[in-house]
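Geometric and topological summary
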Amino acid sequence: MSKQRLLLAFLSAAVIAACTHTAPSQPSPGSRPGAPAPGAAPAPPPEAPAQAAPRRRVPPNPVVQDSIRRATVDSILKTIAGRENEPAGKVFKNVKFLATMTAGEFLKTMDTNYGRGLGWTCSNCHAAGSFDADTRKNKRIARQMQVMTDRLNRNELTAVKELDAEYEKVSCVMCHRGTNEPKSTMPVPPPPVAPSRP
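Residues numbered from 1 in each chain as written. Predicted model: local features only at pLDDT ≥ 70, side-chain atom pairs only at ≥ 80, totals over all residues. Heavy atoms only, no water.

1. What to know about the environment of E181
- Among the secondary structure elements, E181 is positioned in the segment after helix 6 (172-176).
- The class of E181 is partly exposed, set by a relative accessible area of 43%. (Helix = DSSP H or I, 4+ residues; strand = E, 2+ residues; numbered from the N terminus. Buried < 20%, exposed > 50% of the residue type's maximum accessible area, 1.4 Å probe, protein only.)

Written out as structure tokens, the structure reads:
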């Protein structure tokens, strides 16, 4: 019996809610469509469509990015088990750089230098499930950046090291510092406050 009462109460509430909605006003005979009814206040002008709020860029969480990337690297290590010490160019397809590095070191470099250096996961450059594909723009950019890095280390850094041997090898991390958007400016410090005179 209580289920029937509950159902009846629910249906009653639905009927009451439907009846309380105001029906759209019907134009009176002889009136123009869109014209206000006689004696009615003029309708306010239509509001301009609201501008969409700019999309807020949420920086990636490095802990989450690291754990996703580590899981991917661990999965690949399992698939190449026993071949970690073979050259990366033999173990993996379409390796353009670092092909003579061992497959294990190659994955470590991908994880730490590229992935952590840019604060990214593997899928930021690689097509999911097809690491050898060159379809992603970021992968092509990364290769160009590697060409630049190699050139800096081979040519420009050699000249710098003649002046100061302490300079380290150029890497992705040197500029990117864990983000894909390395800063090209620094915040300007406020001017010094003049000491107050007694």
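We are not done yet, so read on.
2. Some thoughts on the confidence of the model for the chain
- This prediction gives the chain a mean pLDDT of 79; 70% of its residues lie at or above 70.
- Within the chain, helix 1 (residues 2-20) has the poorest average pLDDT of any element, 50, and helix 3 (residues 88-91) the best, 96.
- Here residues 14-28 is modelled with pLDDT under 50, and outside its nearest four sequence neighbours on either side it reaches 1 contact, counting other chains as well. (pLDDT = per-residue confidence, 0-100. Contact = heavy atoms within 4.5 Å.)

3. Concerning the layout of surface pockets
- A volume near 1000 Å³ is recorded for the largest pocket.
- Lining the largest pocket are 44 residues; nearest its centre among them are M110, Y114, C125, H126 and K139.
- Looking at the lining of the largest pocket, the elements with two or more residues in it are helix 2 (62-79), helix 4 (103-118), helix 5 (137-163) and helix 6.
- Among the residues forming the lining of the largest pocket, the class breakdown is 26 nonpolar, 11 polar and 7 charged. (1 Å grid on protein atoms, 1.4 Å probe; cavity = no way out; pocket = protein on both sides within 12 Å on 5 of 7 lines; lining within 4 Å. Points joined across faces, edges and corners; volume = space filled by probe spheres on them. Nonpolar A, V, L, I, M, F, W, Y, C, P; charged D, E, K, R; others polar.)

4. What to know about the pattern of salt bridges
- Summed over all chains, the structure comprises 8 salt bridges.
- A salt bridge links D66 to R69, with the nearest nitrogen and oxygen atoms 2.3 Å apart. One end of the pair, D66, and the other, R69, are both in helix 2, 3 residues apart, so they sit about a helical turn from each other.
- With a closest N to O distance of 2.5 Å, R70 and D111 form a salt bridge. On the criterion of sequence distance, the pair formed by R70 in helix 2 and D111 in helix 4 is long-range, its members being 41 residues apart.
- Judged by its relative accessible area of 3%, D111 is buried. (Salt bridge = Lys/Arg side-chain N within 4 Å of Asp/Glu carboxyl O.)

5. Re the packing of helix 2 against helix 4
- For the pair helix 2 and helix 4, the least separation of the axes is 10 Å and the interaxial angle reads 165 degrees. By the angle between their directions, the pair helix 2 and helix 4 is classed as roughly antiparallel. Crossing hand, helix 2 versus helix 4: right-handed. Of helix 4, the residues touching helix 2 (which contributes D66, R69, R70, V73, I76 and L77) are L107, D111, G115 and R116. (Axes fitted to C-alpha atoms, helices over the stretch in contact; angles between N-to-C directions. Parallel < 35°, antiparallel > 145°, perpendicular 65-115°, else oblique. Left-handed = near helix turned anticlockwise from the far one by under 90°.)

6. Section: the nonpolar core
- Membership of the largest hydrophobic core is limited to 10 residues, which are V73, I76, I80, A88, V91, F92, V95, A103, F106 and L107.
- Tallying contributions element by element places helix 4 first for this core, with 3 residues. (Core = buried A, V, L, I, M, F, W, Y, C linked by side-chain atoms within 4.5 Å.)

7. Points about helix 4
- If you check helix 4, its first and last C-alpha atoms are 21 Å apart, about what 16 residues at 1.5 Å a residue would give, namely 22 Å.
- Its axis deflected by about 25 degrees at T109, helix 4 carries its strongest bend there.
- When helix 4 is considered as a whole, its buried residues turn out to be A103, F106, L107, T109, D111, N113, Y114, G115, G117 and L118.
- For helix 4, the elements touching its buried residues are helix 2, helix 3, helix 5 and helix 6.
- G119 sits one or two positions beyond helix 4 and adopts a positive phi of about 70 degrees. (Expected span 1.5 Å × (residues − 1). Bend = angle between axes of the 7 residues up to and from the residue.)

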